[in-house]
Amino acid sequence: MDIPSRLASIFPRPEQIPAAMRIQEPLIQREYLVNGQLEQWTGPMQDVYSPICIQTQNAAEPFFLGQCPRLDGDAALRVLDAAVRAYNNGRGVWPTMSVAERISCVENFVFRMSQKREEVVRLLMWEICKNSGDAAGEFDRTIKYIKDTIDALKELDRNSSRFVIDSGIIAQIRRAPLGTVLCMGPFNYPLNETFTTLIPALIMGNTVLFKPAKCGVLLLRPLLDAFRDSFPPGVINTLYGSGRDITPPLMRSGKVDCLAFIGSTEAADALKLQHPKPHRLRCALGMAAKNPAIVLPDADLDLSAEECSLGALSFNGQRCTGLKIIFVHQSIADEFLAKLCARISALPIGMPWEDGVKLTPLPEDGKAERMAAYVQDAVRHGAKVVNEHGGSANKTVFFPAVVYPVHEPMRLFSEEQFGPVVAVTPFTAISEPVDYIVNSRYGQQASIFGKDPEQIARLVDPLVNQVCRLNLNSQCQRGPDTFPFTGRKDSAEGTLSVSDALRVFSIRTLVAAKLNNTNKGIINGIVHDRRSKFLSDDFLI
Ligand code: G3H
C-alpha cells in the first residue's frame, strides 16, 4: 500500500485491535505512594489519552486510556516531607541500613517487577507507542540494569571493605547517601531512563520522590505495590500532576538534596534556579542534544544510510541520542540521499502491536504540527523535502521528512527537533561540521562515517573534547549501559552508567584516625563486634 493510502487508514477500528492489546475499562488510578501507603487522591484528576486514535464511523478519535492524580503544590510538599522524614538527616532506617540489607530490598523489588512485564509492556505501547520489540526491550533492559547495579554495588562495597593506611593515618573510605532525591524521567524512556537514576539513588541509601513524565504515567501503576512492599515507609514516594504546579514548591523548599532530571535544558535550568541553596543541590541531568553525523567522501554509503536512518528515526526520532543533523560531503550527497530516502520509504508504519512496524503515532500533544512547522520553516528558507511523501500526516502520525539542504537560519539547523524530521546539510570543507560542533550549545555525541584512518584520526582528536562519545561508522546511542553516558555544555551534568550512577548519588566519606594504640583498639573493637555499618570489614558476596 502506498504511503497516502496507508496514512488514511492507519488507525484501527475497535475490532481490529488484537485481543491481547485491548483495554477493556479505562484505567482510573487514584493511588499515589506516600510514606509506605497507597493513598487515594480525592482532588482533580488528569486525563490520559493514547496517541493511538480509534476509527469510528465518522472520524478517528484519541483513545481514552484513563486518569491519574493531579496533585497540587501542598500535596507534593506532604509527599516531600515523607521522604525527608524517612531520611531523617541520615539517621533513618534506610540510610543507616547495611549495603547487604539494601541490596536485598532491591532484589525483592526486581523480582516483583519482573512479574509485571506483560502489563507494563502493553501500557508502554498504548501510552507512548513504542513498538512491541522496543517496549519489551525497554522493560528487559531495565531489569538487567537493576541486576547489574546490584553487582556493581557489591563490587564497590568489596573495594571499600578494606582499611587504608597512609602517612600514619588509618581510614576507611566509603560512599554515603546524599539525602532526598527528586527523580524525574523523560516520556521517551518512561521506565528505563527513570529507573537508571531512581534505582542507583535508592540503593545508595537516599530517599526518593519519583515524578513520571507527562506521557507514560499509567504504565508505572503496576509497580506501585512492589515499591510499597519492598522498601521501608517513605523511602520511595510517587508524585503525579503538572510539573509546573508541583515542582516549584518542592525545589523552593530547599529540602531536595539531589535533582535527577532527564528532559529539556530549559526545564532543567528552571528547576535548578528555584533551589534556594545551590551548593547543597547535587544534579544529575540528561538534557537536550543535537547529535551530528559526518559522512566523509570515502564512507560506505549503504552502511551510512542504514545507520543514519536508524539513528534519526528509531522510535520516530524521539531519542536524546538520535542523529538530529547529518553532514554529508557534497561529492556524495545525491547518492547518500537516494539511499537514505529509499530506506525511509521502506520503514513500515502502523500501530505499535503490528509486526515489524517502525514508525508509530507520536505521543506529545501537537507533535505532528510542531514537526510540520520545522519543515515549513526550512522550506521557507530554501530547503526541500527530498523523500517521497515526507511530512505527510494524519493526526498523531507523521511520515518522516528528509529536509535538504539545511543551513542557517533554519530552526532545524540548531534546534533539537526530537521527532521524525531528518535534517541533512552538505559540506565541502571538513572545518564546516567541526565548526558546527564547536559552536553548538550541545555536546553529547557525534557519529563519523568513513574509511581512512588518517582522516578519522584528524577528526577524533578535536571532537573528543567537544562531545562525550564519538561513534565510528555507527549511529549514536547510550548503550551498553555499563558505558559512561554523559554530555558537555547544555547536554548533561554528571555521568550515568551502571557504576557511575552509584557515584553520582553518593559522596565519598571516610572515618580516619592517627595510627596509635588507642585508636587501633577503638577501631578493632568496633569492627570485631560489628558495632557499625560503616566501619566494617564485611565482604559482600
Ligand atoms: O533518549 C535518550 C536515551 O538515553 C537514548 O538511549 O541510545 O539507548 O536509545 P538509547
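For the structure, see preceding data.
Residues numbered from 1 in each chain as written. Predicted model: local features only at pLDDT ≥ 70, side-chain atom pairs only at ≥ 80, totals over all residues. Heavy atoms only, no water.

Undergrad: How do you make sense of the pattern of salt bridges when you look at a structure like this?
TA: Pairing is possible between side chains of opposite charge, provided their charged atoms come close. With the rule as written, the count across this model stands at 31 salt bridges. Between Arg-6 and Glu-354 there is a salt bridge; the shortest N-O distance is 3.0 Å. Highlighted residues: Arg-6 in helix α1 (residues 3-8) and Glu-354 in the loop between α11 (333-345) and α12 (367-380), separated in sequence by 348 residues. Linking Glu-266 and Arg-441 is a salt bridge whose minimum nitrogen-to-oxygen distance equals 3.2 Å. Remark: Arg-441 occurs in the loop between α14 (431-439) and β20 (442-443) and Glu-266 occurs in helix α9 (residues 265-274); sequence separation between them is 175 residues. Residue classification places Arg-441 among the partly exposed positions, given a relative accessible area of 36%. Put simply, Arg-141, Glu-193, Arg-478 and Asp-481 are held in one network by salt bridges that share partners. (Salt bridge = Lys/Arg side-chain N within 4 Å of Asp/Glu carboxyl O. Helix = DSSP H or I, 4+ residues; strand = E, 2+ residues; numbered from the N terminus. Buried < 20%, exposed > 50% of the residue type's maximum accessible area, 1.4 Å probe, protein only.)

Undergrad: Would you explain the site of the ligand in this entry?
TA: Taken together, the neighbourhood of the ligand is formed by Arg-141, Asn-188, Tyr-189, Glu-193, Arg-319, Cys-320, Thr-321, Gln-477, Arg-478 and Phe-485. For the ligand, an oxygen atom lies 2.5 Å from a polar atom in the side chain of Glu-193. Interatomic distance of 2.7 Å between a side-chain N/O atom of Arg-319 and an oxygen atom of the ligand. Relative to its unbound accessible area of 310 Å², the ligand is 95% covered by the protein chains. In terms of residue class, the shell around the ligand is built from 3 nonpolar, 3 polar and 4 charged. Domain assignment of the residues forming the shell around the ligand places at least three in each of domain 1 (74-286) and domain 2 (291-478). (Near = heavy atom within 4 Å. Polar contact = N/O pair within 3.5 Å; in protein donor to acceptor, adjacent residues only side chain to side chain. Areas by Shrake-Rupley, 256 points an atom, 1.4 Å probe, with all protein chains shown as cover. Nonpolar A, V, L, I, M, F, W, Y, C, P; charged D, E, K, R; others polar. Domains from an automatic or database assignment.)

Undergrad: Is there a simple way to explain the pairing of strand β14 (residues 323-329) in this structure?
TA: A regular strand carries its side chains on alternate faces of the sheet. With 7 of 7 residues buried, β14 lies mostly within the body of the structure. Bridge analysis of strand β13 (residues 291-295) against β14 gives 5 bridges, and the strand direction is parallel. By the bridge assignment for β14, Ala-293 is matched with Ile-326. On the question of chirality, the crossover connecting β13 to the parallel β14 by way of helix α10 (residues 301-313) is right-handed. Pairing between β14 and strand β19 (residues 421-427): 4 bridges, direction parallel. Residue pairing across strands places Ile-326 opposite Val-424, the latter belonging to β19. (Pairing = 2+ DSSP bridges. Right-handed = clockwise from strand over helix to strand, strands pointing away.)

Undergrad: Hey, could you run me through the packing of helix α4 (residues 117-128) against helix α5 (residues 132-160) in this one?
TA: For any two helices packed against each other, one specifies the inter-axial angle together with the distance between the axes. Following both chains from N to C, one finds α4 and α5 inclined at 130°, their axes separated by 9 Å at the closest point. With respect to each other, α4 and α5 are oriented oblique. Considering only the axes of α4 and α5, their crossing is right-handed. Mapping the contact onto sequence places Arg-117, Val-120, Val-121, Leu-124 and Met-125 in α4 and Ser-132, Ala-135, Ala-136, Glu-138, Phe-139 and Asp-140 in α5. Looking at the contact of α4 with α5 residue by residue, the classes come out as 7 nonpolar, 1 polar and 3 charged. (Axes fitted to C-alpha atoms, helices over the stretch in contact; angles between N-to-C directions. Parallel < 35°, antiparallel > 145°, perpendicular 65-115°, else oblique. Left-handed = near helix turned anticlockwise from the far one by under 90°. Contact = heavy atoms within 4.5 Å.)

Undergrad: Whenever I open this one, the packing of aromatic side chains confuses me. Can you help?
TA: Two descriptors summarise a pair of aromatic rings, namely the distance from one centre to the other and the angle between the planes of the rings. Evaluation of the coordinates by the stated rule reveals 14 aromatic pairs. Taken together through their ring pairs, the aromatic side chains of Trp-94, Phe-109, Phe-195, Phe-210, Phe-227 and Phe-231 make up a single cluster. Here the basic side chain of Lys-130 rests over the ring of Tyr-189, its NZ or CZ set 3.7 Å away from the ring centre. Above the plane of the ring of Phe-315 lies Lys-130, whose end atom (NZ or CZ) is 4.8 Å from the centre. (Phe/Tyr/Trp six-rings, centres within 6.5 Å; stacked < 30°, edge-to-face > 60°. Lys NZ or Arg CZ within 6 Å of the ring centre and 35° of its normal.)

Undergrad: Mind showing me how you'd approach the state of the cysteines here?
TA: As used in these notes, a disulfide is a covalent bond between sulfur atoms, one from each of two cysteines. Counted under the stated rule, the structure contains 0 disulfides. The cysteine Cys-129 is free of any disulfide, with Cys-53 supplying the nearest cysteine sulfur at 9.3 Å. The exposure class of Cys-129 is buried, given its relative accessible area of 0%. No disulfide involves Cys-476; its sulfur sits 9.2 Å from the nearest other cysteine sulfur, which is in Cys-308. Among the residues examined, Cys-476 registers a relative accessible area of 0% and is labelled buried. (Disulfide = S-S within 2.5 Å.)

Undergrad: Hey, could you run me through the nonpolar core in this one?
TA: One recurring pattern in soluble globular proteins: nonpolar side chains tend to sit buried together. In this structure, Trp-126, Phe-195, Leu-198, Phe-227, Phe-231, Leu-259 and Val-295 are the most contacted members of the largest nonpolar core, which totals 144 residues. If one sorts the elements of this core by residue count, α5 sits on top with 10 residues. Counting contributing residues per domain, this core is built from domain 1 (74-286) and domain 2 (291-478), each supplying no fewer than three. Other than its neighbours up to four places away in sequence, Phe-231 contacts Trp-94, Cys-105, Val-106, Phe-109, Leu-202 and Ile-236. Within the second largest apolar cluster, 31 residues are counted, among which are Tyr-374, Val-403, Met-410 and Leu-470. (Core = buried A, V, L, I, M, F, W, Y, C linked by side-chain atoms within 4.5 Å.)

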